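Residue-level structure breakdown
As a plain string of letters, each chain reads:
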Amino acid sequence: MKTSNPVLSRLGQAAERERAAGYAQPGPYGQPGYPQQYQPYPQQPYPTGHGYPAAPPTVTPMTLDDVVVKTVMLLSILGASAAAAWVLVPDALVSVAWIGAAVVGLVLGLIISFSRMANPALVVAYSIVEGVFVGMVSKAFDTLYDGIVLQAVVATFGVFFLMAMIYKARIIRATPKFARIMVAVIAGLFGVMLINLVLALFGVNTHLRDGSPLAIGFSLVCIVVAALSFVLNFAEIEEGVRMGLPQRYSWTAAFGILVGLVWLYLEILRLLSYFQGDD
């Protein structure tokens, strides 16, 4: 099964190699390999008499349930980490904590995204670090606007489940053209936000994050794009299941959903803050 997604292509190639490894092991003394079910007993360096066939290793493919379980686990870890950071980090260190967590989370996210192998330990570490980041940002906003965090959480999961229903009903399809447009738009938004951050460090106000009409419009665009990114996530999961990716790749799929949820939550949190007033 072919896929237009480059990450899934790499994962699919890794899965093919793993499946092939289970059926073509090298023979003794370096002779060409042959199906493992015909391999001699592994303790004998060279077959003498009747060998004992060894059972081929089995690779359990991932399922939709695997992805759901891993996603719930990662969200639980993120929530626990956010709550711990909220309680334990002093108010004077909130800014330092969220900046540090943002940098570490970005590095871990890039490593996971471009890695050819699924690494559950890295994904869990990312969830913990991202929890600190989300917890610190949420604490800062809640200090200014009481109750805004709960509103953002409810809205985030509401949008997520709405997109899940839309995707299941096939109202929006993840066609190759749709995927290419989404990747380009997400990359463009990331570039704009990065440039805006750099300019803000030098005291330049682009009005993208100050509550102005332009800022409200920009946040709405980010929310729509973040919501549509779930369509790509759902399609990638379906494709991964069809491709027979090993079960541990469900961590990678859950990581993709987690990234989308965090981005959506932060944009909704920011948008809600624009309408809270100065009191």
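So, here's what we can say about the structure. (Residues numbered from 1 in each chain as written. Predicted model: local features only at pLDDT ≥ 70, side-chain atom pairs only at ≥ 80, totals over all residues. Heavy atoms only, no water.)

1. Concerning helix 4 (residues 120-144)
Owing to its 3.6 residues per turn, the α-helix brings residues three or four apart onto one side. Taking 1.5 Å of rise per residue, the 25 residues of helix 4 would be expected to cover 36 Å, and the 36 Å separating its terminal C-alpha atoms lies within 8% of that figure. If you check the start of helix 4, you find a side-chain oxygen 3.2 Å away from the backbone N of Ala121, and it comes from Asn119. (Helix = DSSP H or I, 4+ residues; strand = E, 2+ residues; numbered from the N terminus. Expected span 1.5 Å × (residues − 1). Polar contact = N/O pair within 3.5 Å; in protein donor to acceptor, adjacent residues only side chain to side chain.)

2. Examining the pattern of salt bridges
Under the definition given, this model contains four salt bridges. With a closest N to O distance of 2.5 Å, Arg242 and Glu239 form a salt bridge. Highlighted residues: Arg242 and Glu239, both in helix 7 (residues 213-243), separated by three residues, approximately one helical turn. For Arg242, a relative accessible area of 49% puts it in the partly exposed group. (Salt bridge = Lys/Arg side-chain N within 4 Å of Asp/Glu carboxyl O. Buried < 20%, exposed > 50% of the residue type's maximum accessible area, 1.4 Å probe, protein only.)

3. Looking at a nonpolar patch on the surface
A cluster of nonpolar residues, Leu106, Leu110, Phe114, Phe190, Leu194, Ile195, Leu197, Val198, Leu199, Leu201, Phe202 and Val204, forms a patch on the protein surface that exposes about 1,200 Å² of accessible area. Among the secondary structure elements, those contributing two or more residues to the nonpolar patch are helix 3 (94-114) and helix 6 (176-201). Mapped onto the secondary structure, Leu201 falls in helix 6. (Patch = residues over 30% accessible without salt bridge, like charges linked within 9 Å, V, L, I, M, F, W, Y side chains within 5 Å. Areas by Shrake-Rupley, 256 points an atom, 1.4 Å probe, with all protein chains shown as cover.)

4. Details of the packing of helix 6 against helix 7
Look at helix 6 against helix 7: their axes get within 10 Å of each other, and the N-to-C directions meet at 140 degrees. As judged from the angle between their axes, helix 6 and helix 7 are oblique. Judged by the sense of rotation from one axis to the other, the crossing of helix 6 with helix 7 is left-handed. In this structure, helix 6 contributes Phe178, Ala179, Met182, Val185, Ile186, Leu189, Val192 and Met193 to the contact, and helix 7 contributes Phe218, Val221, Cys222, Val225, Leu228, Ser229, Val231 and Leu232. Of the residues belonging to the contact of helix 6 with helix 7, the class tally is 15 nonpolar, one polar and no charged. (Axes fitted to C-alpha atoms, helices over the stretch in contact; angles between N-to-C directions. Parallel < 35°, antiparallel > 145°, perpendicular 65-115°, else oblique. Left-handed = near helix turned anticlockwise from the far one by under 90°. Contact = heavy atoms within 4.5 Å. Nonpolar A, V, L, I, M, F, W, Y, C, P; charged D, E, K, R; others polar.)

5. Here we look at the nonpolar core
Within soluble globular proteins, side chains that are nonpolar tend to cluster in buried spots. Membership of the largest hydrophobic core comes to 59 residues, with the highest contact counts inside it found for Phe230 and Leu269. Elements that contribute at least two residues to this core include exactly helix 2 (64-88), helix 3, helix 4, helix 5 (148-168), helix 6, helix 7 and helix 8 (250-274). Take this core: its biggest share by element is 15 residues, from helix 8. (Core = buried A, V, L, I, M, F, W, Y, C linked by side-chain atoms within 4.5 Å.)

6. Section: the environment of Leu106
Relative to the helices and strands, Leu106 is located in helix 3. Classification of Leu106 as partly exposed rests on a relative accessible area of 44%. For the pair Leu106 and Val129, spaced 23 residues apart in sequence, the C-alpha to C-alpha distance is 9.7 Å.

7. Things to note about helix 6
With 26 residues, helix 6 should cover 38 Å at 1.5 Å per step; its first-to-last C-alpha distance of 38 Å lies within 8% of that length. Residues Phe178, Ala179, Met182, Leu189 and Asn196 constitute the buried set of helix 6. Those residues of helix 6 hidden inside the fold are in contact with helix 7 and helix 8.

8. Some points on the packing of aromatic side chains
Tallied over the full model, the rule gives seven aromatic pairs. Geometrically, the ring pair formed by Tyr167 and Phe234 is tilted, given 5.5 Å between the ring centres and 50 degrees between the ring planes. Pair noted here: Tyr167 is in helix 5 and Phe234 is in helix 7, with a separation of 67 residues, a long-range link. Across the pair, Phe234 and Tyr167 agree in class, each one buried. Ring centres of Phe230 and Phe234 lie 6.4 Å apart, and the angle between their planes is 20 degrees; on these two criteria the pair is classed as stacked. Here the residue Phe230 and the residue Phe234 both occupy positions in helix 7, the gap between them amounting to four residues, near one helical turn. (Phe/Tyr/Trp six-rings, centres within 6.5 Å; stacked < 30°, edge-to-face > 60°.)

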